Amino acid sequence: MRDIQFDRHRRLRNSDSLRAMVRETWLRKEDLIYPLFVVEGENIRNEVSSMPGVFHISLDAVLAEINDIVNRGIKSVILFGVPANKDPLGKQAYHEHGIVQEATRLIKAEFPELVIIADTCLCQYTDHGHCGVIEDGKVLNDPTLDLLAQTAVSQAKAGADIIAPSNMMDGFVAAIRAGLDEAGFHDIPIMSYAVKYSSSFYGPFRDAAHSSPQFGDRKTYQMDPSNRMEALREAQSDVEEGADFLIVKPALSYLDIMRDVKDRFPLPVVAYNVSGEYSMIKAAAQNGWVNEKEIVMEKLTSMKRAGADLIITYHAKDVAEWLSN
Ligand code: PBG
């Protein structure tokens, strides 16, 4: 061999043990947040057709599901409600006996240690499918804030541990913080969907939550996927308004944004590994085109490497099991 100079990077890759010693990023069960769709009705445990392995679950079946989740070592769930009745103002979102409020009470009574995150939005509850109050075909910002604050307070009253507003109205963190504080919930943190893009990766979720907009799209409130500085402005506002966690959503196509947010703000960053990201892998795995376990672990690890402290993911139950073995 010629006399050349180079580094021996392979030295640190020589064995499993050595690779584990120098591994920089670890995925832990504590990182996982599992999304759950609770529906009205009885005896329902229906698989969502566009999301294999994800179910619509009625209240009488929810404790068995939670038991399974807790037994796998998952510490937290985020609840999405699919109500039986919708109306223009999304009243079931902030009703004392709304589906999320009822599910929260029920779960909290049996599993007080499980951290329950309540998604706070209106789109599953409005008949037009938008995340706010509509007038003349426009989504109004300020009148929506009051309804979000009411929703958050009703969720906190039901026992939710964390409020996660996802609707992207300006000022939603400030409005919800004020509402929670006024109602005496100073200690309930806000996990804000601070950076939420208007993304095609939400397709399967909208099937699952019956929340597709009935006219237009969400581009006047969710962000343009082309933008990076805008993400920093959004995150900055939420930090100033009192957010305790910052969500970046979707995750996979936005790892650059996750790193930016992590580097700039001293708050826990949460990756939302959304429905489309999940279903693409499920479909490919069902076809035998990819190794599901390996690709999911690689994908979630890359989110942590990009700066995520926590990951909301429909893969959580599988991942928790893989991490145990
Ligand atoms: C609604 C909401 C959406 C998701 C979570 N909350 C979708 C949307 O904006 O239509 C998407 C989650 C996913 O795709 O997994 N505010």
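All values derive from a computational prediction rather than experimental measurement.

A. Quick look at the overall build of the protein. Summing up its helical and strand segments, the protein has eleven helices and twelve strands in all. On the principal axes, the C-alpha backbone points of the protein span a range of 75 × 45 × 40 Å. The 325 residues of the protein split such that 54% are buried. Long-range pairs, those at least 24 residues apart, make up 74% of the contacts in the protein between residues at least 6 apart in sequence. Here the protein contributes 35 positive and 47 negative side-chain charges, whose respective centroids are spaced 9 Å apart.

B. Molecular detail of the packing of aromatic side chains. Scanning all chains against the criterion turns up eight aromatic pairs. The interplanar angle of 50 degrees and the centroid separation of 6.3 Å between the aromatic rings of Y272 and Y314 together place this pair among those described as tilted. Linking Y272 in strand β11 (residues 269-273) with Y314 in the loop between β12 (310-313) and α11 (316-324), this pair joins segments that are 42 residues apart in sequence. The residues Y272 and Y314 share a single accessibility class, namely buried.

C. Examining the site of the ligand more closely. Not every one of the 16 residues close to the ligand is listed here, only the nearest: R206, Q222, K249, S275 and Y314. Here an oxygen atom of the ligand and a side-chain polar atom of R218 are 3.1 Å apart. A distance of 2.5 Å is found between an oxygen atom of the ligand and a side-chain nitrogen or oxygen belonging to Y314. The protein chains hide 100% of the 400 Å² of surface that the ligand would expose on its own.

D. Inspection of the environment of V39 at higher detail. Position of V39 relative to the elements: it lies in strand β1 (residues 32-39). Sequence separation between V39 and Q92 is 53 residues, and the spatial gap between their C-alpha atoms is 12 Å. Beyond its immediate stretch of four places on either side in the chain, V39 contacts I44, H56, I57, S58, L59, V82 and I99.

E. How the structure looks around the packing of helix α9 (residues 275-286) against helix α10 (residues 292-305). Close contact between α9 and α10 brings their axes to 10 Å; oriented N to C, the two are set at 155 degrees. When the axis of α9 is compared with that of α10, the two are roughly antiparallel. When you trace α9 past α10, the crossing you get is right-handed. Seen from α9, the contacting residues are E277, Y278, I281, K282 and A285; seen from α10, they are E292, I295, V296, K299 and M303.

The rules we used
- Residues numbered from 1 in each chain as written.
- Predicted model: local features only at pLDDT ≥ 70, side-chain atom pairs only at ≥ 80, totals over all residues.
- Heavy atoms only, no water.
- Helix = DSSP H or I, 4+ residues; strand = E, 2+ residues; numbered from the N terminus.
- Buried < 20%, exposed > 50% of the residue type's maximum accessible area, 1.4 Å probe, protein only.
- Contact = heavy atoms within 4.5 Å.
- Lys, Arg positive; Asp, Glu negative; His and termini not counted.
- Charge placed at Lys NZ, Arg CZ, Asp CG, Glu CD.
- Phe/Tyr/Trp six-rings, centres within 6.5 Å; stacked < 30°, edge-to-face > 60°.
- Near = heavy atom within 4 Å.
- Polar contact = N/O pair within 3.5 Å; in protein donor to acceptor, adjacent residues only side chain to side chain.
- Areas by Shrake-Rupley, 256 points an atom, 1.4 Å probe, with all protein chains shown as cover.
- Axes fitted to C-alpha atoms, helices over the stretch in contact; angles between N-to-C directions.
- Parallel < 35°, antiparallel > 145°, perpendicular 65-115°, else oblique.
- Left-handed = near helix turned anticlockwise from the far one by under 90°.

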